Amino acid sequence: MSDLLPGFLAPWAVFAGVFGLHLLLPARRVTGYVRDEHSGELLRYRLNGLLVFFVTLGVWFAAGRSGVMPWDWLWQHRWSGAAGALTLGLLLSAAVVLTAPGRGGDLLRDLYLGRRVNPRMFNGRADAKMFLYLAGATLLQLNLLSFAAHHFLVHGGDPSPGIVLHVALFSWFVCDYLVFERVHLYTYDLFAERLGFKLVWGCLSWYPYFYAVGLWSVADLPNPQAPVWLGVVATLIFFAGWTLSRGANLQKFSFKRDPERAFLGLVPRALSDGERRVLCSGFWGLSRHVNYLGEILMASGLALGPWLYPLYYVALLFPRERDDDRRCAAKYGPLWERYREKVPWRIVPGVY
């Protein structure tokens, strides 16, 4: 039991450290897209995710370099660490939901989807949703580095280039989110979802441990001597997905801030009912959720060993697309019907 406890508490310590750094380190203040449910004013956020991320990584590198902590410590304690994150996620999910007023519906549904819209802490100094994504992304990166370090410690004479590529692409994925942290303020999670098990447990447990599922299966194995072309194909698929996902989100971000502003040299075209506008050009003219296709392609490029990660995105995003479609139909009415007619494809252009 004494060997399990440090690993069990490791994610708790990482999340506490990330939270402390988020509160203490300098941050830029930006206005988001979501409005306060009571006052109707646009919410303002303190964003310093990239700084918190690199300070945390610096602590990890310093601990490994000095010998205070083995480079692969998180790999050695991966099972107890996953159990600790799972437990913390469950406890915080229950605390966030059960301390909020009921919505008059099914308790299990409330526990899963949440009751609070945008909880904030310390008089708005920290936003719960944005912190959860930052905490999950940081621990995911630490796990990726520690798992890869284990591979190099065991198979240093002939390491797998696939593991190097996997960690490099995944690090791009994590850093990309933090570089464009402000853009996330305009995404579905922030304005459409409540805070419950799905987001709390998902960010604190599923995100940092399941997203690393590829390395769980291969970090302990020798170099499979995979052909170079396979790595090239994986890289091309990943960046094709990144282009679709990041491009679509940036175009939507640009349009919501200034509907007349050109994006990548293209003047936006939109459908309008006189009051509201729906973007229907560029990435959003390919399919109604082309960004989901990008996420799935990135996950496919990152698939290393089991294909659970990209299949998870299919299971997550296809139902979400249906939910978002219903929400947009209720919000925009006939305008959304016109958009459906103009852009018939839900996610994959020409297919679905």
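Up top you'll find the structure we're talking about.
Residues numbered from 1 in each chain as written. Predicted model: local features only at pLDDT ≥ 70, side-chain atom pairs only at ≥ 80, totals over all residues. Heavy atoms only, no water.

**Q** Break down helix 4 (residues 78-98) for me, with residues and values.
**A** With 21 residues, helix 4 extends 30 Å between its outermost C-alpha atoms, agreeing within 8% with the 30 Å of an ideal straight helix rising 1.5 Å per residue. Residues of helix 4 that are buried make contact with helix 1 (4-24), helix 3 (73-76), helix 5 (107-113), helix 6 (128-154), helix 9 (197-210) and helix 10 (213-218). (Helix = DSSP H or I, 4+ residues; strand = E, 2+ residues; numbered from the N terminus. Expected span 1.5 Å × (residues − 1). Contact = heavy atoms within 4.5 Å.)

**Q** Requested: an account of the pattern of salt bridges, with residues and values cited.
**A** Tallied over the full model, the rule gives 15 salt bridges. The shortest N-O distance in the salt bridge between Arg-288 and Asp-325 comes to 3.5 Å. You can see Arg-288 sitting in the loop between strand 6 (277-279) and helix 12 (290-302) and its partner Asp-325 sitting in helix 13 (residues 308-332), a full 37 residues away along the chain. On the accessibility criterion, Asp-325 (5% relative accessible area) is buried. The partner of Arg-346 in a salt bridge is Glu-321, with the nearest N and O atoms 3.0 Å apart. Of this pair, Arg-346 sits in the segment after helix 14 (334-342) while Glu-321 sits in helix 13; the two residues are 25 residues apart in sequence, bridging distant segments of the chain. (Salt bridge = Lys/Arg side-chain N within 4 Å of Asp/Glu carboxyl O. Buried < 20%, exposed > 50% of the residue type's maximum accessible area, 1.4 Å probe, protein only.)

**Q** Account for the packing of aromatic side chains, with residues named and values stated.
**A** Taken as a whole and judged by the stated rule, the model has 33 aromatic pairs. For the pair Phe-147 and Trp-216, a centre-to-centre distance of 5.7 Å together with 85 degrees between the ring planes defines the contact as edge-to-face. Of the two residues, Phe-147 sits in helix 6 while Trp-216 sits in helix 10, which places them 69 residues apart along the sequence. Geometrically, the ring pair formed by Phe-239 and Trp-242 is edge-to-face, given 6.2 Å between the ring centres and 80 degrees between the ring planes. (Phe/Tyr/Trp six-rings, centres within 6.5 Å; stacked < 30°, edge-to-face > 60°.)

**Q** Break down the pairing of strand 1 (residues 28-35) for me, citing the residues and quoting the values.
**A** Bridge analysis of strand 1 against strand 2 (residues 42-47) gives 5 bridges, and the strand direction is antiparallel. Opposite Arg-29, over in strand 2, you have Arg-46 as the bridge partner. The loop that links strand 1 with its antiparallel partner strand 2 comprises 6 residues; one of these, Gly-40, has a positive phi angle of about 80 degrees. (Pairing = 2+ DSSP bridges.)

**Q** A description of the side chain of Glu-321 should follow, citing residues and the corresponding values.
**A** We classify Glu-321 as buried; its relative accessible area is 0%. A polar side-chain atom of Glu-321 sits 3.0 Å from a polar atom in the side chain of Arg-346. Sequence-distant contacts of Glu-321, that is, excluding residues within four places in its chain, are made with Arg-288, His-289, Tyr-292, Arg-346, Ile-347 and Tyr-352. (Polar contact = N/O pair within 3.5 Å; in protein donor to acceptor, adjacent residues only side chain to side chain.)

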